[in-house]
Number of protein chains: 2
Amino acid sequence: MRFTSEQRLGDGLLEREFTLGGIPGILWTPASASAPVPLILLGHPPLGLCKMYPRLVARARHSAAEGFATATIELPGSGDRPRWPVVEQARADLRRAMEAGEPVSGEIVDALVLPLVDKAVPEWQAALDVLLSLPEIGGPVGYSGGVISIGIRLAVVEPRIMAAGLFAGSFVPRAMFEEARQVTVPLHVLLQWDDEGNDRQAALDLFDAFGSKEKSLHAHMGGHTGVPQFAGEAAARFFTRHLK
Amino acid sequence: MRFTSEQRLGDGLLEREFTLGGIPGILWTPASASAPVPLILLGHPPLGLCKMYPRLVARARHSAAEGFATATIELPGSGDRPRWPVVEQARADLRRAMEAGEPVSGEIVDALVLPLVDKAVPEWQAALDVLLSLPEIGGPVGYSGGVISIGIRLAVVEPRIMAAGLFAGSFVPRAMFEEARQVTVPLHVLLQWDDEGNDRQAALDLFDAFGSKEKSLHAHMGGHTGVPQFAGEAAARFFTRHLK
């Protein structure tokens, strides 16, 4: 891991950009922390870190106020990373189906999400190895946000993830429902009740499928980007309960 | 309204029992309040105030810590109030159907719930008239808990109710779905995902039906009485957002 920039933001937040094996990432830590702090990995949709930055830094700022470090990495095929023809093709197929008002087939969803999960999860794990070796990061570790399938796979294969706050706002391949049954860490699932691009019943079925003994579903009114501010505060309290 | 007892409990909570037109009730106020405080009506199932007391006083204590007065009254046909043959018959029919493993018919649900709503709602409104005339109670007013159909009707017909935290844990007559569409106040709906006596899909349909622009569904694992403590804290924050 190589830090490429360091900047002190307002509210006592230290932001450091890094690269790790050619993958860009950002680490935010509470500047005032005197002891190692727990870490929340900030998941996000594959739109590129630049486009997601304003929302990510807002989440980082809230998390830092609660005493958490946060970190994120660029997803394969997004932002400054090399384009990825297999996923670009699936995105084009998805756009075409949605513009034609057709149902989005399981094949399109599989082609869109499964390669992303397979490639991204080991990258998040590699980032975790390095982040946890920093003296200012302790543990435990949580995963927060979307892509929900990445969160599911990480929760299953990565024993250092102790709690996950997942956003049920993206297409989920059928195969991920089986993996969801294997998730046992505490879960806090957000659902936007009128999410345009999301199948509400599939999200409810997925929530039902999770194997976790403690899981909560918080559904709020509005579309994909309309998550109310108090929902973010509730998610923060979830992580405070489980990672502190 | 006639106060029949007054008791200072721990945590600065003043408990006063009262009767109003022959209906027993309890009022809890934060003993330390120097100005009139908002009021939350505590709904509860028709099991009698004595049986419900431990849970009610716990809710009253949490609410008082947030600066709320709380009050509740006995439901028709429950506790020390005269028995009510029409509802007793419906309860017997319900028990018989459930013990026989039969589906609970719409007729049984209607007979069980609709008379209770028709009779209880004006009683809650009469209690509200008197409670709001006390110098220590200001407003605004919220309704919290079950019977969810009583909460729905109150939210529709009683303009002084400014927010409702409803427990989707009881049978809901089909006619109440139409009333739910007329609800416009902010809603916070609790659902126990594995509630034995409750139809999860009906609860989700009911949540969808509510006309409120701000409504949140919080679903947690476990059965009817397994609402986790952090769910109560989230409900308290909902009332603080809307009644303060």
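In the nomenclature of an unreviewed UniProt entry, chain A corresponds to Alpha/beta hydrolase from the organism Streptomyces caelestis.

> Sorry, what's going on with the interface of chain B and chain A here?
Many structure descriptions define interface size as the accessible area lost when the parts assemble. Listed per partner, the contact involves 19 residues of chain B and 19 residues of chain A. Overall, the association of chain B and chain A removes approximately 1700 Å² of surface from exposure, summing both partners, and the carbon and sulfur fraction of that is 58%. When the buried area of chain B at its contact with chain A is split by residue, Trp193, Met221 and Phe230 of chain B rank highest and sum to 30% of it. Taken together, chain B and chain A are joined by 2 salt bridges. Measuring nitrogen to oxygen at the nearest pair gives 3.2 Å for the salt bridge that ties Asp208 of chain A to Arg200 of chain B. In this assembly, chain B and chain A are joined by 9 residue pairs in polar contact (both at pLDDT 80 or more). Elements represented by at least two residues in the side of chain B that touches chain A include exactly helix H6 (200–209), strand S9 (215–220) and helix H7 (229–243) of chain B. When residues of the side of chain B that touches chain A are assigned to their parent elements, the largest contribution, 6 residues, is made by S9 of chain B. Residue composition of the side of chain B that touches chain A, by class: 7 nonpolar, 5 polar and 7 charged. By the bridge criterion, 5 bridges tie strand S9 (residues 215–220) of chain A to S9 of chain B in an arrangement that is antiparallel. Residue pairing across strands places Ser216 of chain A opposite His220 of chain B, the latter belonging to S9 of chain B.

> In this structure, what is going on with the nonpolar core? I would like to understand it.
Side chains that are nonpolar tend, in soluble globular proteins, to be buried together. Counting 121 residues, the largest nonpolar core has Ile150 of chain A together with Ile150 of chain B as its most contacted members. What Ile150 of chain A contacts, discounting residues up to four positions off in sequence, is Leu75, Leu116, Val117, Ala120, Val121, Trp124 and Tyr143 of chain A.

> Just to check I follow, could you spell out the pairing of strand S7 (residues 161–167) of chain B for this structure?
Remember that side chains alternate between the two faces of the sheet whenever the strand is regular. Residue and element names in this part refer to chain B. Across the 7 residues that make up S7, a large majority, 6, are buried. By the bridge criterion, 5 bridges tie strand S6 (residues 137–145) to S7 in an arrangement that is parallel. In the strand pairing of S7, Ser144 is matched with Gly165. With respect to chirality, the unit in which S6 leads through helix H4 (residues 148–157) into the neighbouring parallel S7 is right-handed.

What counts and what doesn't
- Counting of residues starts from 1 at the beginning of each chain's written sequence and follows it residue by residue.
- Each chain is given a letter, starting from A, and each ligand a number, starting from 1, according to the order in which they appear as written.
- Only residues with pLDDT of 70 or above have their local features reported here, since the model is predicted, and side-chain atom pairs are shown and tallied only from 80 upward, although totals for entire chains, interfaces and linings are computed over all residues.
- Here the side-chain values reflect all heavy atoms present in the structure, with hydrogen atoms and water set aside.
- Residue contacts are counted whenever heavy atoms from the two residues lie within 4.5 Å of one another.
- Here the buried area means the combined drop in accessible surface, using a 1.4 Å probe, for two parts upon being joined, counting both sides.
- The salt bridge criterion pairs a side-chain nitrogen of Lys or Arg with a carboxyl oxygen of Asp or Glu, the two atoms within 4 Å.
- Any N or O atom pair separated by 3.5 Å or less is treated as a polar contact, with the protein-specific requirement of one donor-capable and one acceptor-capable atom, and with residues adjacent in sequence counted only for side-chain atom pairs.
- Where helices and strands are cited, they refer to DSSP runs of H or I of at least four residues and of E of at least two residues respectively, numbered from the N terminus.
- Under this grouping Gly is polar, as are all residues other than the nonpolar Ala, Val, Leu, Ile, Met, Phe, Trp, Tyr, Cys and Pro and the charged Asp, Glu, Lys and Arg.
- Strands are treated as partners if at least two bridges between them are detected by DSSP.
- For our purposes a nonpolar core is just a set of buried Ala, Val, Leu, Ile, Met, Phe, Trp, Tyr and Cys residues, chained together by side-chain atoms within 4.5 Å.
- Burial classes follow relative accessibility: with a 1.4 Å probe on protein chains only, a residue under 20% of its type's maximum area counts as buried, one over 50% as exposed, and anything between as partly exposed.
- Seen with its strands pointing away from the viewer, a crossover is right-handed when the path leading from the first strand over the helix to the second is clockwise.

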